[in-house]
Amino acid sequence: TCDGSFFSGKHVAVVGGGNTALGDALMLSGICDKVTVIHRRAEFSALPTYVQALKERANVSFRMDSRVVKISGKERVGSVVVCEEPSGELALLAVDGVFIAIGHTPDNQRFSPLVTLDQWGYISADESCHTSAKGIFCAGDTRAKRTRQIVTATADGATAALAAESFLRGSLHE
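All of these numbers come straight from a predicted model, not from anything done at the bench.

### Considering the pairing of strand β2 (residues 34-38)
Summarising burial for β2: four of the five residues are buried, a large majority. Where strand β1 (residues 11-15) and β2 come together, five bridges link them in parallel fashion. Bridge pairing links H11 to K34 in β2. Handedness of the crossover is the feature at issue here: the chain leaves β1, passes through helix α1 (residues 19-29), returns alongside β2, and the resulting connection is right-handed. For the handedness criterion, the β-α-β arrangement of β2, helix α2 (residues 48-55) and strand β3 (residues 60-63) is classed as right-handed.

If you want it as structure tokens, here you go:
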């Protein structure tokens, strides 16, 4: 959504059905001329308040039981092709941008013998990015945190590097 202002007065698609997707769509509906929410299921997993708020917006439409199969454009996005289930019928939507908020699953299981993972599989760490294991730090989208953006991942990297350096200095003096 930090790029939302670039699409002021334009038509965008938001892909997903959870709180992040619908929250993004709600924010974008205040900036964009038109917002189309594309979701692969018949019902949203987002909080009902998000769903209700979007239904009240005249510039928001929904493509339920649908999935994006292609995003096209030359120098920028120009359209998406949506497959409607279960018919398999394809629909072409002219859009100026696509915001994808479909969630993801971290690939951290290999680290579970060393560090504690939260219930969603993210590595638990404090604000210095120190994990449950002495001398092991983590950064970026692998870490349990609320916001996952490049800027927060970069900040984590700097924080973890400084904390690791401090840890190593302290270890040298033990």
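### Let's talk about the packing of α1 against α2
Packing of α1 against α2 brings their axes to within 10 Å, and their N-to-C directions diverge by 30°. Taken together, the axes of α1 and α2 are roughly parallel relative to one another. Remark: the crossing between α1 and α2 carries left-handed chirality. Between α1, through N19, L22, G23, A25 and L26, and α2, the contact on the second element is made entirely by Y50, V51, A53 and L54. Taken together, the residues of the contact of α1 with α2 sort by class into seven nonpolar, two polar and no charged.

### Quick word on the packing of aromatic side chains
Here the structure, examined in full by the defined rule, presents three aromatic pairs. Between F137 and F167, the aromatic rings sit 6.1 Å apart at their centres with planes inclined by 70°, giving edge-to-face as the arrangement. In this pair, F137 is assigned in the loop between β7 (97-100) and α3 (150-172) and F167 in helix α3, connecting sequence segments 30 residues apart.

Basis of the calculations
- Residues numbered from 1 in each chain as written.
- Predicted model: local features only at pLDDT ≥ 70, side-chain atom pairs only at ≥ 80, totals over all residues.
- Heavy atoms only, no water.
- Buried < 20%, exposed > 50% of the residue type's maximum accessible area, 1.4 Å probe, protein only.
- Helix = DSSP H or I, 4+ residues; strand = E, 2+ residues; numbered from the N terminus.
- Pairing = 2+ DSSP bridges.
- Right-handed = clockwise from strand over helix to strand, strands pointing away.
- Axes fitted to C-alpha atoms, helices over the stretch in contact; angles between N-to-C directions.
- Parallel < 35°, antiparallel > 145°, perpendicular 65-115°, else oblique.
- Left-handed = near helix turned anticlockwise from the far one by under 90°.
- Contact = heavy atoms within 4.5 Å.
- Nonpolar A, V, L, I, M, F, W, Y, C, P; charged D, E, K, R; others polar.
- Phe/Tyr/Trp six-rings, centres within 6.5 Å; stacked < 30°, edge-to-face > 60°.

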